[in-house]
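Each chain, written out:
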Amino acid sequence: MNELSDFGRGGIEKQPTGIQGFDEMLGGGLPAARTTLVAGGPGAGKTVLTLQALVYGARELGEPGIFVAFEETAARLQANAAGFGWNLPELQDQHLFFLDAQPQPEWVQSGQFDLDGLLAGLDQRVKEMGARRIAFDAIDVVLALMDDRRAIQQQVHLLHNWLAERQLTALLTYKLGASSRLAAQLEFLEFMVDCSVKLSHDPIDGVAHRSLRVVKCRGTAFEENPAPFVIGRSGLHVALSRGHESPSPPVSTERVSSGVDGLDEMLEGGYFRGAGILITGAPGTAKTTLGGAFARAACERGEQTLFVSFDSRVEELVRNLKSVGIDLQPAVDEGLLEMVTARSVSGSAESHLMGIQHATLEHEARCLVIDPVSALAKEGNQRFAHSVVERLIDWAKNQGLTLVCSSLIDRSRTALEGTPLQVSTIADTWIHVEYHEHAGERNRGLSIIKSRGTGHSNQVREMLLDDEGIRLADVYTAGGEVLMGAMRYEKEREQQARDARRKKDLERRRLELDWETAALEARLEAVSRELKAKKAEQRQLLETEEEQAGKAEETSKQVRKMRGGDG
Amino acid sequence: MAEALSITLYYAGRSLNSARALKQLERIGLEHGLDPDAVEYVDVFDQPQRALDDRVMLTPALRIAFGDETSWLFGDLSDTRALLDVLKRASPDPA
C-alpha cells in the first residue's frame, strides 16, 4: 500500500540504525558513506543513539563498526550497553571495536596538534575489520583542546575528508554548551556534515521530555518536525505518529461484551474486538466502573487483561469496584488480570506509553483498560499527550487489542466540544456519561455518541449502580424526554400499577366467564336430561297407543266370528 | 640517570605540526645535552598499530618515561617551558 509519506523519498542510499521511528524520520536511515552530526545537551541520549546504530549495523547487517570514545571509557560504555541487552563481548573485536581516546589528565599540551595519530591508527583498524560504520563520540572534547578557530576548522575538515575517502558512514556526537565559542564550532560542523540531528531533554512544566529533530539531511526528504523519544529497556524509541512497522491485523467483526447487558444491547452486541473505546465523563460518573465491568467480562471469557490505573492505588480500586458488584480479585489471583498503577506526574506521557506497551506485551494482554487516559494530559504533558494517545490507540489496533480508555471531562464543557485530548475522532466507539440535573435530582445518563460500523441506540439511558453492578434502566419518556431518577421511578411505578390493575380486571372477568360457562353447562345438562325424559315418555305413550289399537282390532274380529259372519 | 630515561616522539609524516615538533626536540636536545640515542622516533603512518597500542590520539606527541613515571606532551612543542618542566621532573639533575 502506498503511503503519502513515502513520496519524495529516496535518492541517497540509507543505512538503517534499527532505532524505531528514527529511520523512518530519515527516510530509511543514516545517509550511507556520509557523516551525520548528533548534537544535544548532556544526558540527551547522543551516546546511546550512536552506540545503538553501531550495534545494529554490526549485529543485524554484518557491517563492522568502530566506536571512538572521547569521553566515556569503553568499559563504561560496554556496561551501559549491557543494560540495554546488547551483548557487546559477543561482537568484539571483530565486528565492533572500541577505541579509548579520552584525553588523560596527565597530558600536557605544548602548542598545536592534529588528529593524524588517531586517524593513522584508525586507518589500520578500518582496513583490518572492513569497517563500514564509525562513531566519534563527544568530538567536542577534542575540539575543546584546540586554541583557535582556524585550527578547529582545519581538523574537522581533515576528519571529514578522511571519512569520505574511506566511504564510512559516520556519526559525530557533539555536546551542546552555552558558550558562544562552542556555538561557532557547532555552526561549522553543521555546515560541513550531510545530516544533522538535534536531541533535547527539556523540562516542560516540571516534566522532562526528550525529543529529536532532524535539522538537515542533504539530498533526501525527511521528517522536519521534532518527534518525542524515550530511552527504554532496549534503547531509543522515537515516536512517530504513524508507525509502519507492522501491517494492521484484519478488521474484526467479532463482538466482545462491555460487561453491561444493557450497553451490549445498545451497541447491538457489544464492542468490536480490536476497537478503541473511549468513555468520557465528569468526575464520579462511573467511568472506572465501566472499565472494571469490561475487564471482568474479558477475564470471564478467559482473556488476559491489563488494567492501568493512573493515580489510584490498585487495592483501593479493587475495593471500590467490589462495592458495586464487580469483584476483580479472583481474576487477579488467577493471573488473568494484571492491574498496574502509575503516577501521572512522575514521567512524560511518552514514558507512560512505553510502560503501557511493555506491560501489555509482558502480560500478553488481549484487552486493555486505561483509567483515565486523560491523566497523560496533566500539567507538563499537554503538548504531547494528544500524539501519545493517538499512538496508543494506533498501536493497540495494530496489536489487535481491545482498548477501553476513560477520559475525564471538565464539567464546564459539553461533551460535543470534544475531549481535552481530542481523541474522540480516532476512537471507534465513544460513550459519554453525564449527570442529568432535573427536578432537583442528579442522575447518571449514558449515551453512545458514536460507534463505527455498528448500529447503536441514540437514546440516553439512565445508568444505575448498586451492589450488583451496573444496570441500564429501561427507557421511559414523557413529552419527548427520557425520564430519570425519581421521575422515571414514578413513571415506572405508575406503569406497574396500571399493569397490575389490568391483570386483576382480567382475572375477575375470567372467573366470571368461568362461572357463567359452568352455569350454562349445568343448565344445558339439566335440559338435556329433561329432554331425554320427555322423549322416553313420548315413546312410551306411543307404544301404549299402538298396543291398545291392536287389542281393539282383535276384539272386533272375535265379535264377528261369534255372530256367524254376518256382523 | 641516562639509562632510565626514555623519550618517544610520535609524529605524523610531514605534517606541519610534526615537522615543528621534530625541529624543537632536536634544538632542545642539543641545548640541554640530551642523549640522541635516548630518543625514539615513531611515524604513526608507518606504524599505525604502534600508535593504537600506545594510545596516541593526537600528534605530535612526546612520551617521556623515567622509572615508573610516564609523562605525555602533545602539540608541536612550541611551548618549550612545558617540555622543560617535564624533562626537569624526569631528570632532576640534567647533565
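Residues numbered from 1 in each chain as written. Chains lettered and ligands numbered in written order. Predicted model: local features only at pLDDT ≥ 70, side-chain atom pairs only at ≥ 80, totals over all residues. Heavy atoms only, no water.

All names here are of chain A. Here the structure, examined in full by the defined rule, presents zero disulfides over all chains. Just so you know, Cys195 is unpaired, no disulfide at all, and the nearest cysteine sulfur is the one on Cys217, 3.7 Å from it. Taking the relative accessible area as the measure of exposure, Cys195 reaches 0% and is therefore buried. (Disulfide = S-S within 2.5 Å. Buried < 20%, exposed > 50% of the residue type's maximum accessible area, 1.4 Å probe, protein only.)

Turning our eyes to something else, we now look at the pattern of salt bridges. All names here are of chain A. One pass over the full model with this rule turns up 35 salt bridges over all chains. Ionic pairing is found between Arg529 and Glu525, a salt bridge with its closest N-O pair at 3.2 Å. You can see Arg529 and its partner Glu525 sitting in helix α15 (residues 485-562), four residues apart, about one turn around the helix. Since its relative accessible area comes to 55%, Arg529 is described here as exposed. Put simply, Lys551 and Glu547 hold a salt bridge, and the shortest N to O gap is 3.7 Å. Placement of the pair is Lys551 and Glu547 together in helix α15, with a separation of four residues, close to one helical turn. For Lys551, a relative accessible area of 53% translates into the label exposed. Through salt bridges with shared partners, a single ionic network connects Asp123, Lys127, Glu165 and Arg166. (Salt bridge = Lys/Arg side-chain N within 4 Å of Asp/Glu carboxyl O. Helix = DSSP H or I, 4+ residues; strand = E, 2+ residues; numbered from the N terminus.)

What follows covers the sheet that holds strand β6 (residues 107-109) of chain A. Within the open sheet, the five strands sit side by side as β6(A)-β4(B)-β3(B)-β1(B)-β2(B). Their pairing is mixed. At either margin of the open sheet sits one strand with a lone partner, and together these are β6 of chain A together with β2 (39-43) of chain B. Each adjacent strand pair in this sheet contributes to an overall mean axis angle of 20°, direction not counted. Across five bridges, the pairing between strand β1 (residues 5-11) of chain B and β2 of chain B is parallel. Within the sheet, the bridge partner assigned to Leu9 of chain B lies in β2 of chain B and is Tyr41 of chain B. (Pairing = 2+ DSSP bridges. Axes fitted to C-alpha atoms, helices over the stretch in contact; angles between N-to-C directions.)

Should the pLDDT be low somewhere, the predicted coordinates at that spot are not to be read in detail. All names here are of chain B. Mean pLDDT over chain B works out to 84, with 89% of the residues at or above the 70 mark. When the elements of chain B are averaged for pLDDT, helix α3 (residues 80-90) gives the smallest value, 80, and β2 the largest, 93. Scored as a complex, the prediction yields pTM 0.63 and ipTM 0.88. (pLDDT = per-residue confidence, 0-100.)

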